[in-house]
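Chain and residue survey
Listed here are the chains, written in short residue letters.
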Amino acid sequence: MLALAAAQEEKMNRKTIIITIMLLFIGLGGAAVYAVNQGAQPLYLYSGVAEKPLRLHILANSDSSADQQLKLALRDYILAEVEQITAGCADKPAAMAALSAALPQLQSSCNDYLRERAGYQARLYLRSEEFPEIDYGAVTLAAGEYDALRIVLGEGRGHNWWCVLFPPLCFVDAAGEFEQQQAVEALAGGEQQQQPSAYTVKFKLSQIFKSR
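From a predicted model like this one, the values you see are computed outputs, not experimental measurements.

1. Some details on the pairing of strand 1 (residues 54-59)
As a general feature of sheets, a regular strand has side chains that alternate between the two faces. Among the six residues that make up strand 1, six are buried, leaving the element largely enclosed by the rest of the structure. Taking every second residue as pointing to the same face, both faces of strand 1 are buried, with Leu-54, Leu-56 and Ile-58 on one and Arg-55, His-57 and Leu-59 on the other. One ladder, built from six bridges, connects strand 1 with strand 6 (residues 160-166); its direction is antiparallel. What sits directly across from Leu-54, in strand 6, is Phe-166.

2. What about the nonpolar core?
One finds Leu-56, Ile-151 and Leu-165 to be the most contacted residues of the largest nonpolar core, which totals 29 residues. Residue assignment for this core shows that the elements contributing at least two residues are strand 1, helix 2 (65-86), helix 3 (92-114), strand 2 (122-131), strand 5 (144-153) and strand 6. The element that contributes the greatest number of residues to this core is helix 3, accounting for eight residues.

3. Some remarks on the pairing of strand 5
Counting buried positions along strand 5 yields nine of 10 residues, so the element is predominantly enclosed. Here 10 bridges tie strand 2 to strand 5, and the two strands are oriented antiparallel to one another. The partner of Glu-130 across the bridge, within strand 5, is Glu-145.

Criteria and cut-off values
- Residues numbered from 1 in each chain as written.
- Predicted model: local features only at pLDDT ≥ 70, side-chain atom pairs only at ≥ 80, totals over all residues.
- Heavy atoms only, no water.
- Buried < 20%, exposed > 50% of the residue type's maximum accessible area, 1.4 Å probe, protein only.
- Helix = DSSP H or I, 4+ residues; strand = E, 2+ residues; numbered from the N terminus.
- Pairing = 2+ DSSP bridges.
- Core = buried A, V, L, I, M, F, W, Y, C linked by side-chain atoms within 4.5 Å.

By themselves, these figures tell us nothing about what the structure is for.
What follows is the structure, given as C-alpha cells:
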C-alpha cells in the first residue's frame, strides 16, 4: 500500500511540474508578445515625404451630428470620383499628378454636393502636412509630414477623417471591406527606408485572440 501511495504521489508531482512548466511558457509567450508590441516602431519612421503614402484628409465644419454625418456622406461621394481619377495610376507621383490636374473639378464637385445640404463650402488642397502617429488597425503610421489631398468643409473645426489614398486603401476602407493583411502588404511593401528592419507591423493582443 505504501508503495502504491508513493507511486501515485510521484505521478501527481509530475503532473504538477508539467502544468507549472506549461503555464510558465504561456506567461513568457504573452510577455514576449507584449514586449514586441511595446517596442514596435511604426511604418515610415525614417522615410522622406516622397516615399510615404498619399493620404486623404477631410475636416468637418464642426462636431455637430449633422456636420459629422455630412462629412462622411461627402467622403463617400467624392471617393467615387477620386477612384476614377486615379484609376490606372501605377505609383504615387502619377496619382498626385492626376489629382493636381483634377483639383478644380473635385472642388466644384464637393461644392455642388454641399450646395443644398449645408451653408458652407469646401476648400481642397494637395500639399504636404503634419500628421500625428495613427493606428490603421493592422499597422501604425509614424507621425510626420505626408503628402495629402486635404478637404476642409466650412470652418474645418470638427473631427477629421483620413485614409491612405495611395496605395489605394481608402476605397475598400470606406466600403467596410478593409482587410488587415491588405494594409500590411500595401503599406509595408511600399516602404523604402534606409533601415528596412526598423519597422514592425503591430497587431493588438485583442486582435490576436479575437474569436472567429
